[in-house]
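# Architecture at a glance
Here are the chains, one letter per residue:
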Amino acid sequence: MSNRHTLTFTALPEHIDVMGHVNNAVWVQWMEALAVAHWEAVAPPEHQAAYVWVVTRHEIDYRGNIGEGESVTAETFIPHAPSGARFDRCVEFRDGRGKVIVAAKTTWALLDRASGRLLRVPADVAAPFLPEAS
């Protein structure tokens, strides 16, 4: 099982700001969509039913942008094991030339879906998302 997940996003007219490129808020929406897609693709149904993730922090480097009709390939991965309830997720968006134009590290926290309480990330929840042992 791969600990990386990839999606392609295409800039539509509603994604474009006054500067003629994808608005910064849209990049954050795409980061969330990619993270959710990764969770839904990898986590077993019982984990998806029991837990929910919320963002506690974003660090984003904007190094380029795309315009309407252009696409980016987004890849997400978890660089290391969780710390308590928190789990960092990295995202890189590459343009058609393969250049990273937006890079981010987002910290997510795990909540118990039923109670809404913060939980330490169980090892079996984290394992499918972690880099494979060398």
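Everything below is about the structure printed above this text.
Report on the accompanying structure. Note that the structure is a prediction, hence the values are computed from the model and not measured.

### Focus on the sheet that holds strand β4 (residues 86–94)
- Read from one edge of the open sheet, five strands run β1-β3-β4-β5-β2, paired in antiparallel fashion. Either end of the sheet is taken by a strand with one partner, and the two such strands are β1 (4–10) and β2 (51–62). Strand after strand, the sheet turns through a mean of 25 degrees between neighbouring axes, direction not considered.
- In terms of strand pairing, β2 meets strand β5 (residues 100–112) through 11 bridges, oriented antiparallel. When the sheet's bridge partners are listed, V52 is paired in β5 with L111.
- Of the strands in this sheet, β1, β2, β3 (71–77), β4 and β5 are in contact with helix α1 (residues 24–42), which crosses β1 at around 140 degrees.

### A short note on the pairing of β5
- In terms of residue burial, β5 counts as a mostly covered element, since 11 of its 13 residues are buried.
- Here β4 pairs with β5 via nine bridges, running antiparallel. Paired with E92 across the two strands is A103, which belongs to β5.
- Between the antiparallel neighbours β4 and β5 lie five residues, among them G98 with a positive phi of about 90 degrees.

### Considerations on the pattern of salt bridges
- Taken as a whole, this structure holds seven salt bridges when the rule is applied.
- Where R57 meets E59, a salt bridge forms, and the shortest distance between an N and an O atom there is 3.6 Å.
- Under the relative-accessibility criterion, R57 is labelled partly exposed at 47%.
- With its nearest N and O atoms 3.9 Å apart, the salt bridge here joins K105 to D88. Taken together, the positions of K105 in strand β5 and D88 in strand β4 put the pair 17 residues apart, joining distant regions of the chain.
- Of the residues examined, D88 reaches a relative accessible area of 14% and is grouped as buried.
- Three or more residues are tied together by salt bridges with common partners; here these are R57, E59, D88 and K105.

### Description of the packing of aromatic side chains
- A full pass over the atoms with the stated rule returns eight aromatic pairs.
- Seen in terms of ring centroids, F9 and W30 are 5.0 Å apart; in terms of plane orientation they differ by 15 degrees. Their pairing is stacked. You can see F9 sitting in strand β1 and its partner W30 sitting in helix α1, a full 21 residues away along the chain. Comparing F9 with W30 shows no difference in burial state: the two are buried.
- When the centroid spacing of 5.5 Å and the interplanar angle of 80 degrees are considered together, the rings of W53 and F87 count as edge-to-face. One end of the pair, W53, is in strand β2; the other, F87, is in strand β4, and 34 residues separate them in sequence. Like W53, the residue F87 is buried in the burial classification.
- Above the ring of F77, the side-chain terminus of R4 is found at 4.2 Å from the ring centroid.

The rules behind each value
Residues numbered from 1 in each chain as written. Predicted model: local features only at pLDDT ≥ 70, side-chain atom pairs only at ≥ 80, totals over all residues. Heavy atoms only, no water. Pairing = 2+ DSSP bridges. Helix = DSSP H or I, 4+ residues; strand = E, 2+ residues; numbered from the N terminus. Axes fitted to C-alpha atoms, helices over the stretch in contact; angles between N-to-C directions. Contact = heavy atoms within 4.5 Å. Buried < 20%, exposed > 50% of the residue type's maximum accessible area, 1.4 Å probe, protein only. Salt bridge = Lys/Arg side-chain N within 4 Å of Asp/Glu carboxyl O. Phe/Tyr/Trp six-rings, centres within 6.5 Å; stacked < 30°, edge-to-face > 60°. Lys NZ or Arg CZ within 6 Å of the ring centre and 35° of its normal.

Remember that the coordinates give geometry; whether it matters functionally is a separate question.
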